[in-house]
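Below, each chain spelled out in residue letters.
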Amino acid sequence: MDMDKPRVLLSLPHMGTSHVANSAAVESVLLRDDRVQLHVVRCSGVPFSSNMNQVIREFLKGDWDYWINLDEDQAPINNPIDLVFLDRDVIGLPTPAFKLVPGDKGLPFYWNVYAWDEQNQTYRPHQARKEDGPLQEVDAVGSGCWVVSRRVLEAIKEPMTIQCDEDGVVKIGGDLSFCGKARAAGFKVYAHYDYPSRHFKTVDLYEVMRMLLLAKEGKL
Amino acid sequence: MDKPKVLLSLPNMGSSHVANSAAVESMMLTDDRVRLHVVRSSAIPVENNLNQVIKQFLAGDWDYWINLDDDQAPLGNPIDLVFLDKDLVGLPTPVFKHDQGEGENPFYWNVYSWDEQQQIHRPHQAKKEDGALQEVDAVGSGCWVVARRVLEAIKQPMLRRYDDDGIVTMGGDLSFCSKARAAGFKVYAHYDYACRHFKTVDLYELLRLLLRAREGKL
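Small disclaimer: the values here were computed from a predicted structure and weren't measured.

## Describing the overall build of chain B
Now for step 1: On a plain count of helices and strands, chain B comes out with six helices and 16 strands.
Now for step 2: In terms of overall size, chain B behaves like a compact globule, its C-alpha atoms giving a radius of gyration of 18 Å where 218 residues would be expected to give roughly 17 Å.
Now for step 3: Each principal axis of the C-alpha atoms in chain B carries an extent, and together these give about 60 × 40 × 40 Å.
Now for step 4: Scored against the burial criterion, the 218 residues of chain B give a buried share of 39%.
Now for step 5: Here the analysis covers contacts within chain B between residues at least 6 apart in sequence; of these, 75% occur between residues at least 24 apart.

## Focus: helix α1 (residues 20-30) of chain A
The periodicity of an α-helix, 3.6 residues per turn, causes residues three or four places apart in sequence to face the same way.
All names here are of chain A.
Now for step 1: Of all the residues in α1, the buried ones are Asn22, Ala25, Val26 and Leu30. The arc enclosing the buried residues of α1, seen along the axis, measures out at 95°, which places them on a common side. Of the residues in α1, the exposed ones pointing more than 90 degrees away from the buried face are Val20, Ala24, Glu27 and Ser28.

## Some remarks on the interface of chain B and chain A
Now for step 1: Taken together, the contacts link 21 residues of chain B with 21 residues of chain A.
Now for step 2: Taken together, the elements giving at least two residues each to the side of chain B that touches chain A come down to β6 (94-96), β16 (195-202) and α6 (203-214) of chain B.
Now for step 3: The dominant element in the side of chain B that touches chain A, judged by the number of residues it contributes, is α6 of chain B, at eight residues.
Now for step 4: With five bridges connecting them, strand β16 (residues 197-204) of chain A and β16 of chain B associate as antiparallel partners. Note that in β16 of chain B the partner of Thr202 of chain A across the bridge is Thr200 of chain B.

## A word on helix α5 (residues 174-184) of chain A
Now for step 1: Taken together, the buried positions of α5 of chain A are occupied by Gly174, Asp175, Leu176, Ser177, Phe178, Cys179 and Ala182 of chain A.
Now for step 2: Just downstream of α5 of chain A, Gly186 of chain A is the residue with a positive phi angle, here 95°.

## Some points on the pairing of strand β15 (residues 189-192) of chain A
Residue and element names in this part refer to chain A.
Now for step 1: Neither face of β15 is open: one carries Val189 and Ala191, the other Tyr190 and His192, and all of them are buried.
Now for step 2: Sheet topology note: the strand β5 (residues 90-92)/β15 ladder contains three bridges and is parallel. Within β15, the position partnered with Val90 by the bridge is Val189.
Now for step 3: Pairing geometry for strand β10 (residues 135-138) and β15, over four bridges, is antiparallel. When the bridges of β15 are listed, Val138 appears paired with Val189.

## With respect to the environment of Asp137 of chain B
All names here are of chain B.
Now for step 1: By secondary structure assignment, the location of Asp137 is in the loop between β10 (133-136) and β11 (138-139).
Now for step 2: The exposure class assigned to Asp137 is partly exposed, which follows from the 18 C-beta atoms found within 10 Å.
Now for step 3: Along the chain, Asp137 and Arg35 lie 102 residues apart, while their C-alpha atoms are 30 Å from each other.
Now for step 4: Dropping the residues within four chain positions of it, Asp137 is found in contact with Tyr112, Ser113, Trp114, His121, Cys177, Arg181 and Val187.

## Description of unusual backbone geometry
Now for step 1: Residue Val46 of chain A is joined to Pro47 of chain A through a cis peptide bond whose omega torsion reads -5°.
Now for step 2: Tracing the sequence through the fold places Pro47 of chain A in the loop between β2 (37-43) and α2 (48-61).
Now for step 3: The residue after Ile44 of chain B, namely Pro45 of chain B, is reached through a cis peptide bond having omega -10°.
Now for step 4: By the secondary structure assignment, Pro45 of chain B is in the loop between β2 (35-41) and α2 (46-59).
Now for step 5: With phi around 50°, Gln121 of chain A is a residue other than glycine that occupies positive phi space.
Now for step 6: Take Gln121 of chain A: it is sitting in the loop between β8 (113-117) and β9 (122-125).
Now for step 7: Notably, Gln156 of chain B is not glycine yet its phi reads approximately 40°, a positive angle.
Now for step 8: With respect to the secondary-structure elements, Gln156 of chain B resides in the loop between α4 (148-153) and β13 (161-162).
Now for step 9: Residue classification places Gln156 of chain B among the exposed residues on the basis of 12 C-beta atoms within 10 Å.

## Overview of the sheet that holds strand β8 (residues 111-115) of chain B
The pairing of strands in a sheet happens through backbone hydrogen bonds and is either parallel or antiparallel.
All names here are of chain B.
Now for step 1: Read across the open sheet, the three strands follow the order β9-β8-β11; overall the sheet is antiparallel. Here the strands that pair on one side only, and so sit at the sheet edges, are β9 (120-123) and β11.
Now for step 2: With two bridges joining them, β8 and β11 adopt antiparallel strand pairing. Residue pairing for β11: Val111 is matched across the bridge by Val139.

## Comments concerning the nonpolar core
Now for step 1: Core analysis: the biggest nonpolar cluster contains 63 residues, and Leu212 of chain A together with Val6, Tyr64, Leu88 and Val146 of chain B have the highest contact counts within it.
Now for step 2: Of the residues forming this core, the biggest block, seven residues, is contributed by helix α6 (residues 205-216) of chain A.
Now for step 3: Apart from residues no more than four positions distant in its own chain, Val6 of chain B is found in contact with Val34, Arg35, Leu36, Trp62, Asp63, Tyr64, Ile66, Ile79 and Val82 of chain B.

What counts, and at which threshold
- Residues numbered from 1 in each chain as written.
- Chains lettered and ligands numbered in written order.
- Predicted model: local features only at pLDDT ≥ 70, side-chain atom pairs only at ≥ 80, totals over all residues.
- Helix = DSSP H or I, 4+ residues; strand = E, 2+ residues; numbered from the N terminus.
- Rg over C-alpha atoms; globule rule 2.2 N^0.38 Å.
- Buried ≥ 20, exposed ≤ 12 C-beta atoms within 10 Å, placed from the backbone.
- Contact = placed C-beta atoms within 7 Å.
- Arc of directions from axis to C-beta.
- Pairing = 2+ DSSP bridges.
- Core = buried A, V, L, I, M, F, W, Y, C linked by C-beta atoms within 7 Å.

Taken by themselves, the reported measurements are silent on function.
Put into C-alpha cells, the structure is as follows:
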C-alpha cells in the first residue's frame, strides 16, 4: 500500500436502496481508482443531518484526508476523485434540482449551487457564467456529491445540523448550513461544472410532457 | 341496487404513489354513482396478477373492471367512463422511452395503432379533429375501464406474447386488446381523461431534453 496516496472516506448514505447508476459509478469508477486509498461507509441514520454528522465523527476519528459524499440518487458523470487533487476546501459536483412552481414560466430546474441573498437572508440558485470557467467559487453547494478537505471538518462543529425558524420549520438545510459555517471559518466553497452529477428522481411524466410541449412552443 | 357494480383493482409491489392513493380516496371511493369494490393485488408477474383479478371478477357479479396501476393518478374520474358503456376505454398516460435518437421526442401516449406490415403496435397518432374519445387498436392497462362482456369472451386475457427466444414481443395489455378486437369488441382511448404517470428519471437528462426542445432541436 502506497502511504503517500491521499486517504479518502467515501460515504454512501441511503434509505435501504440506491439507484443502479449510483452503484455502477461507485463500482466501475471510484473503487477502481488506485490514485487514492479509499474506504467506503454505507450509512442510513435518520434524520439525514444526524447521519452525515455521524459520518463526519467517524472521519475525524480516523486519518482520512478527504471526505467524498455520494447520495443514493446521484451518479457523477466524471470521477469525483479527480477533485481531491485540486486540494480545495469544499467542492460540490453540481446536480439538477427540480422545483415545480405553479404559474412560474421558467425552466423548473436549477443546479444545487447557491449564492447568499443578504437582503432576504436566504440562499438563491447561483447564476453561473461561462466566462468564469468550470470551477467557480460560490456561497454554498448541495451535499449530494461533494469533496471536502479534512481541515474543514476539523474546524467546524455540528457541521450538518439544519437551521430552523421559531416554529421548528427548516430554514437552511444541513448542507447549506455546513457551507455557511465553513465560509465563516475562512474556507472557500466551489462548484465544478465540468463534474456534474446525474440526479434520479420520481417525476410526473404528464407534467414533463407538458413542459416539453411548452419548451417546443417557446413558452418556457 | 341499479347502480353499476365496479371492481377496482390496484396492483402494486408493496407501495403506491401518494397521488395514486389520493385519487382513489378523494375521487373514486367517494363516488356514489356506482357500487365499488376494491382489490389490492401484488402477485407476479403482472400478467398473472391481472389474470387473477379477472378470474375473481368473473367469479363475482361486477359489471365493469377498472384497473389502476400504483404509479398512475387519473386527472379525471375513471368512473365517469363506466357510463359510456364502451367495451374497453383506456385513460392515456405518457410513456418515456430512453433509447430514442438524439433528436427524437422520447415521450408518447400509451395508445397504439397496429402496424400490419411490421406486425407490431406503434404509438397512435391522435388527431384533435377526431375528438376526445377515439377508437384505437390498443391501449395500456395502467388505467382502463373494461366491460364484463369483454372479460367473459376472451381466455388467458393478459398473457404476454414471446418470440422463439423467449423475448416479449407483445405486452399483456396489448395482447388483451388484440384478443378483444378479434372477438369483435372495440377499444377506445379517452384523451379528456389523461392520467399522470410517476417514474424515476434522470433530471440531468431531462434538463438536456428541455433545453433541446427550447432550442427547437427536438
